[in-house]
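So you can see what is in the structure, the chains are spelled out below.
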Amino acid sequence: MLTLTINGTTHQVDVESETPLLWALRDTLGLTGTKFGCGIGQCGACTVLIRRAPFRSCGITVGEAAGKKIQTIEGLSTDNTHPVQQAWIMEQVPQCGYCQSGQILAAVSLLRKNTNPTDKDIDRAMSNLCRCGTYPRIRKAIKRAAKLAEAEQ
Amino acid sequence: MIATAMSRRTFLKVTTVAGTGLAVGCVFDNEPTLTMSAGEGGQLGLWVRISPDNRITLVVPASEMGQGAHTGQAMLLAEQLEADWDTIEVVTAPVGSAYGNKKIMYQQVTGGSSSVTAWWDELSEVGAATRELLVEAAAQQWQVSDSQCTARAGRVYHEATARSLSYGQLAGAASRLSPPWRPKIKPREAYRLIGKPIPRLDIPAKVNGSAVFGIDVRRPGMRFAAVSQSPVFGGELTSYDERSALAIKGVESVVAVPNGIAVVADSTWHAHKGLEALGPKFAGGVTRGLDSAKVDAMLRAKLDEMGKAEIKGAETIDVEYQVPFLMHATLEPMNCTAHVTENSCDVWVPAQNQDRCESAAVDASGLSSDQVNIHTTLCGGGFGRRLESDFVTQAVTISRAVSKPVQVIWSREEDTRHGFYRPASMSRFQISVGTDGKPERWANQLACPSVAATFFPPVAWFDFDPTTYEGAKPIPYTVPDFDMEYTNVDFGVPIGSLRSVGALHNCFYVESAIDEAAHLARVDPFEYRRELLGEHPRHKKVLESVAKASNWGTALPEGHGRGIAIIECFDSVVAQVAEVSITGRGRLKIHRVDCVVDCGRVVNPDIVKSQMQGGIVFGLSIATREEITIKDGRVVQSNFDDYRIMKLKDSPIINVHVIQSDRESGGAGEPGVPCAAPALTNAIFAATGKRIRRLPIGKQQL
Ligand code: FES
Ligand code: FES
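Residues numbered from 1 in each chain as written. Chains lettered and ligands numbered in written order. Predicted model: local features only at pLDDT ≥ 70, side-chain atom pairs only at ≥ 80, totals over all residues. Heavy atoms only, no water.

**Here's the deal with the overall build of chain A**
To keep things clear, this is the line we draw: Put simply, DSSP H or I for four residues or longer makes a helix, DSSP E for two residues or longer makes a strand, and each gets a number counted from the N terminus. We compute the radius of gyration from the C-alpha atoms alone; for a globule the expected value is 2.2 Å times N to the 0.38, where N is the number of residues. Burial status follows relative accessibility: with a 1.4 Å probe on protein chains alone, a residue under 20% of its type maximum counts as buried, one over 50% as exposed, and anything between as partly exposed. Contact criterion: two residues are considered in contact whenever any of their non-hydrogen atoms come within 4.5 Å of each other. The Shrake-Rupley method, run with a 1.4 Å probe sphere, supplies the accessible areas, and residue values consider only the shown protein chains as cover. Neither His nor the chain ends contribute to the count of charged residues, in which Lys and Arg are positive and Asp and Glu negative. Charge coordinates come from a single atom per side chain, which is NZ of Lys, CZ of Arg, CG of Asp or CD of Glu.
Assigned secondary structure in chain A consists of six helices and five strands. Secondary structure elements of chain A occur, N-terminal to C-terminal, as β-β-α-β-β-α-β-α-α-α-α. Taking 2.2 N^0.38 as the reference for a compact globule, 153 residues should give roughly 15 Å; the C-alpha atoms of chain A span a radius of gyration of 15 Å, in line with that estimate. A principal-axis box enclosing the C-alpha atoms of chain A has dimensions of 45 × 35 × 25 Å. When the 153 residues of chain A are sorted by exposure, 59% land in the buried category. Counting contacts in chain A only where the partners sit at least 6 residues apart, residues at least 24 apart contribute 57% of the total. As displayed, chain A has an accessible area near 5,900 Å², and 48% of this comes from carbon and sulfur atoms. Of note, chain A has its 18 positive side-chain charges centred 8 Å away from the centre of its 13 negative side-chain charges.

**Describing the pattern of salt bridges**
For the record, the criterion: Note on definitions: salt bridges are taken to be side-chain nitrogens of Lys or Arg within 4 Å of carboxyl oxygens of Asp or Glu.
In total, this model carries 47 salt bridges over all chains according to the counting rule given. Asp123(A) is the salt-bridge partner of Arg139(A), the closest N and O atoms lying 2.7 Å from each other. With a gap of 16 residues between them, Arg139(A) in helix α6 (residues 135-152) and Asp123(A) in helix α5 (residues 119-125) connect regions that are remote in the sequence. One salt bridge in this structure joins Asp202(B) and Arg200(B), with 2.8 Å as the shortest N-O distance. Three or more residues joined by partner-sharing salt bridges are found here, namely Glu511(B), Asp515(B), Glu516(B), Arg529(B), Arg691(B) and Arg693(B).

**Digging into the packing of aromatic side chains**
Here the distance between the centres and the angle between the planes together describe a pair of aromatic rings. All names here are of chain A. For clarity, the cut-off: Between rings of Phe, Tyr and Trp, where Trp is taken as its six-membered ring, a pair exists when centres lie within 6.5 Å; planes separated by under 30 degrees are stacked, by over 60 edge-to-face, and by other angles tilted.
All chains considered together, the criterion is met by 15 aromatic pairs over all chains. Centre to centre, the rings of Trp23 and Phe36 are 5.1 Å apart; their planes meet at 50°, and the pair counts as tilted. You can see Trp23 sitting in helix α1 (residues 21-28) and its partner Phe36 sitting in the loop between α1 and β3 (47-50), a full 13 residues away along the chain. In this structure, Trp23 and Phe36 share a single accessibility class: buried.

**Focus: the layout of surface pockets**
Residue and element names in this part refer to chain B. As a reminder of what qualifies: Residues are called lining when one of their atoms sits within 4 Å of a cavity or pocket point, these points coming from a 1 Å grid over the protein atoms alone, where a cavity is a set in which a 1.4 Å probe fits but cannot get out and a pocket is an open set with protein on both sides within 12 Å along at least five of seven lines. Grid points are joined across faces, edges and corners, and a volume is the space filled by probe spheres set on the points. By the convention adopted, Pro, Cys, Tyr, Trp, Phe, Met, Ile, Leu, Val and Ala count as nonpolar, Lys, Arg, Asp and Glu as charged, and the other residues, Gly among them, as polar. An automatic or database domain assignment supplies the start and end points of every domain.
Its volume calculated, the second largest pocket comes out at about 1,200 Å³. Residue lining of the second largest pocket: 42 residues in total, with Val59, Val90, Val91, Thr92 and Thr376 positioned closest to the centre. Listed by contribution, the elements that provide at least two residues to the lining of the second largest pocket are β4 (45-50), β6 (88-92), α4 (203-206) and β18 (372-376). Here the lining of the second largest pocket is composed, by residue class, of 22 nonpolar, 13 polar and seven charged. Residue assignment places the lining of the second largest pocket across two domains, with domain 1 (2-196) and domain 2 (214-284 + 334-409) each supplying three or more.

**Section: the domain arrangement of chain A**
Residues and elements named next belong to chain A. For the record, the criterion: We define buried area as the total accessible area lost by two parts upon association, computed with a 1.4 Å probe and summed across both.
On domain assignment, one finds that chain A holds domain 1 (2-75) and domain 2 (83-152). One C-alpha centre belongs to domain 1, the other to domain 2, and the line joining them spans 21 Å. On the side of domain 2, 12 residues touch domain 1, which itself brings 17 residues to the contact. For the pair domain 1 and domain 2, the summed buried area comes to about 1,300 Å², and 56% of that belongs to carbon and sulfur atoms. The three residues of domain 1 that bury the most area against domain 2 are Leu49, Arg52 and Ile73, which together make up 34% of that side's buried surface.

**As for unusual backbone geometry**
Residues and elements named next belong to chain B. With an omega dihedral of 0°, the bond running from Lys473 to Pro474 counts as a cis peptide bond. Within the secondary structure, Pro474 is located in the loop between α11 (458-461) and β22 (481-487). Here Leu695 and Pro696 are connected by a cis peptide whose omega angle stands at 0°. Among the secondary structure elements, Pro696 is positioned in the segment after α16 (676-688). At Arg522, a position not held by glycine, the phi torsion is positive, near 55°. Considering the arrangement of structural elements, one finds Arg522 in the loop between α12 (501-520) and α13 (525-532). A residue is classified by how much of its surface remains accessible, and Arg522, at 65% relative accessible area, is exposed.

**Some thoughts on helix α3 (residues 167-174) of chain B**
The buried fraction of α3(B) amounts to six of the eight residues, a majority that puts the element mostly inside the structure. Listed in full, the buried residues belonging to α3(B) are Tyr167(B), Gly168(B), Leu170(B), Ala171(B), Gly172(B) and Ala174(B).

**Some points on the confidence of the model for chain B**
Segments scoring low in pLDDT should not have their predicted coordinates read at a detailed level. Residue and element names in this part refer to chain B. The line we're drawing: You can read pLDDT as the predictor saying how much it trusts each residue, on a scale of 0 to 100.
For chain B, per-residue confidence averages 92 on the pLDDT scale, and 94% of positions sit at 70 or higher. In this model residues 1-9 is a low-confidence stretch, pLDDT under 50, and it forms 42 contacts with partners more than four residues away in sequence or in other chains. For this predicted complex, the interface score ipTM comes out at 0.98, while the overall pTM is 0.95.

**Here we look at the interface of chain A and chain B**
Going by this rule: Here a polar contact is recorded for every N or O atom pair within 3.5 Å, except that within protein the pair must consist of a potential hydrogen donor and a potential acceptor, and residues adjacent in sequence are included only if both atoms are side-chain atoms.
Counting from both sides, the interface comprises 49 residues of chain A and, opposite them, 59 residues of chain B. Taken together, both faces of the contact between chain A and chain B bury some 4,500 Å²; the carbon and sulfur share is 58%. In terms of surface lost to chain B, no three residues of chain A exceed Gln95(A), Arg131(A) and Tyr135(A), which account for 19% of the buried area on that side. Applying the counting criterion to the chain A and chain B interface returns six salt bridges. Between Asp216(B) and Arg26(A) there is a salt bridge, with the nearest N and O atoms lying 3.0 Å from each other. The tally of links between chain A and chain B comes to 26 residue pairs in polar contact (both at pLDDT 80 or more). Elements supplying a minimum of two residues to the side of chain A that touches chain B: α1, α3 (83-90), α4 (100-113), α5 and α6 of chain A. Among the elements that make up the side of chain A that touches chain B, the one with the highest residue count is α6(A) (five residues). Classifying every residue of the side of chain A that touches chain B by side-chain character gives 23 nonpolar, 16 polar and 10 charged.

**Describing the domain arrangement of chain B**
Residue and element names in this part refer to chain B. Considered domain by domain, chain B is made up of domain 1 (2-196), domain 2 (214-284 + 334-409) and domain 3 (293-325 + 421-688). With centres defined by C-alpha atoms, the gap from domain 2 to domain 3 works out at 37 Å. At the interface, nine residues of domain 2 touch 15 residues of domain 3. Note on domain 2 versus domain 3: buried area summed over both sides is about 800 Å², and carbon and sulfur give 63% of it. Run the count over domain 2 and domain 3 and you get zero salt bridges.

**Side note on the sheet that holds strand β28 (residues 653-659) of chain B**
Residue and element names in this part refer to chain B. Here is the rule we go by: What makes two strands pair is DSSP finding at least two bridges between them. Working convention: axes come from line fits to C-alpha atoms, limited for helices to the stretch in contact. Angles between N-to-C directions cover 0 to 180 degrees.
Read from one edge to the other, the open sheet built from four strands follows the order β23-β24-β25-β28, with strand pairing classed as mixed. In the strand order of this sheet, the two ends are held by β23 (560-569) and β28, each with one partner. On average, each strand axis in the sheet is tilted by 15° relative to the strand beside it, whichever way the strands run. Relative to strand β24 (residues 572-582), β23 is paired through 10 bridges, and the arrangement is antiparallel. For Glu568, the partnering residue across the bridge sits in β24 and is Val573. Those strands touched by helix α14 (residues 537-549) are β23, β24, β25 (588-598) and β28, and its axis lies near 30° from that of β24.

**Focus: helix α8 (residues 354-365) of chain B**
Residue pairs three or four apart in sequence face the same way in an α-helix, which turns once every 3.6 residues. Residue and element names in this part refer to chain B. Rule in force here: Take the residue count of a helix, subtract one, and multiply by 1.5 Å to get its expected span. In this description, one arc is meant: the one made by directions from the helix axis to the C-beta atoms.
For α8, built from 12 residues, the straight-helix expectation of 16 Å at 1.5 Å per residue is met to within 8% by its first-to-last C-alpha distance of 16 Å. Among all positions of α8, only Gln354, Cys357, Glu358, Ala360, Ala361, Ala364 and Ser365 are buried. Projected onto a plane normal to the axis of α8, the buried residues spread over an arc of 165° and lie on a single side. Here the buried face of α8 lies against β6, β16 (335-340), β17 (345-349), β18 and α9 (390-402). For α8, the N-terminal cap is Asn353; the gap from its side-chain oxygen to the backbone nitrogen of Asp355 is 3.3 Å. Once α8 ends, the next one or two residues include Gly366, with phi positive near 75°.

Structure below.
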């Protein structure tokens, strides 16, 4: 048994410690908001936050993640009140939506470190793939989320 | 109670739901003489369900794969229904003849950018008929005439007495009425939804992880399966190590599937580990010995077979262009969940072609079509790949073998190596220009596997495939002596439809060739096109608009260049201008793309915009880096590390202008893609004098 702390709740999971965190989240814990796209750390669909930093959950094992604070898309807010979710809705970002859990978490992490990111900062932080090509709207939504968060302060 | 009525094109059926709700079913037919017997009632598809608590469920024919089709179709229906937009929920219809797409041979298909265009009239009619039922129910209750009542935002009003009732309150009574003979369609002046940038219905669930895609389906007792298919197309399984696979924790069984083998386990991870241990070996296959050099040689041989044209003129061009195989790279890999029992087969699948899924499930389960239920989930991208049903065959085969619900998820490697690829092709142009600079003769030859043959084989026998030569014939430019010839080539590599299909390669070919002709004539490429579009005012307007939007003709910084391109496809006209620069070290930077689209009547301008933006990124990604190559009969690439797609940091500023016009609607999901490549390569030419004739640009010297 390994202990995972996800979105503030602790879970005992009965999986081998070398299991990628992604599959423990999806298949063992039923947290399907985190997606599978490549399995090799390229696409970012599986992005989660571990100690507030973005990680590709296909490339980190349950053993490595055990005991650390993990946040998944489900932990952001279920009623879409988080400023990044709000901005995503206002800018109508998602198309198919498959990449968006990962994009949103990457943006959350960027905005925690940098409350007013420039285009260059966004370029550097947002390496997740979106096959639907929502990039122009992601860029706008991050800037809008920065403003929303500022207004909330 | 079931009541039926027939209008010229519509059979409507109304039934009660659980005693109090209202459900409207309907089937559409173009034959005005058809009558319906009571027994045919079962063929009617359900379209609208209104429950007493005012919830409205719209059952629409389209799959939602990111293109906004659920929202677009719901807007058409809700406009006439006068529904309250905030109470609407949308689901994709089950398989049924009522949902056959008239633009795609009455198959239940989401494709051809037709979700709005094919369904405008039908969705309007169902919405209007349902509204009239609700109005009639209210009028009866108040004992006034229908004409004194109005429907608005989910309620019926009797203004004179300031009374109103909600649709939920009226649903029960409405369900006992006969549907109207010929519902009155609300005119355009009265639209409240259509033409407005209404927020999409699917977005709230897509920002909190609750949206259910194919891989998110969970059934009680469900198992997970991983598959491996012959890397050489059509090869056969020769050996595998079942014992080692079964030794992996959680692995339960090994099941043969067409052209491959599956491992079933208690989690996706265990299934993939089991597959590794299984180490299946394959032999033979139809593409054995094929490689990319051979593909090129076969294409060139086909061009040579067609033979060069005799070409005379003041000046001439004789050039060849080429594009590679491409994969769809939907971010959600192919997957399907099936549960087969002795007398039923349920399939949950992200799919674009429900008819094909049903046939695949019937074949693999040995059951009849009325025992098969196809449940369409949200699709994590489609782009044409989900028109196929190979994943359904696998899931049903495996579930039948293990008698449990099973979810098959392909690895990205499997997805990359077992696609239905956009075909590699080659196109030759011989063009002569007269002393006035205008083209006199235009001889174009295209060698390309037939895309239409993948769903209708006879087209390949006669080299007649307007899908594959869309964009090359006809062209909008005035050319006195025009000649375009097409020949099919078969490599044995599976071919499919990729977003915008034939227009994707032909737009690159034709819009490069016309740019070369402009250069030969020493005329500005925009002016040259405009002059030759004399007979096409719609094209001309779009082209002029994009020139204006992009400040065409104004000075640019040193090293920058602009390129222009235009296409008509799926009844829409799109033009784009790209602005690029090349650094001293030969690095390409795409600064901005301006896009103008005329897609006729627009349902939701913001969705059209997002489809153009996404289409441009898709097209630029293809032009700059995407390529599937073949070696030893197999696909070389395996994952996103060697099949690269565009990232945010490389995507340009994109400005989209939507021209609203009175013409019939055109498509929006696909037409944004084709111009991106030629606008880009024409811009590179303007900046550097280097003409790109082969895609992707990749590492070509700029
Ligand atoms: S699935 Fe983890 S990065 Fe793609
Ligand atoms: S929205 Fe479809 S992959 Fe990003």
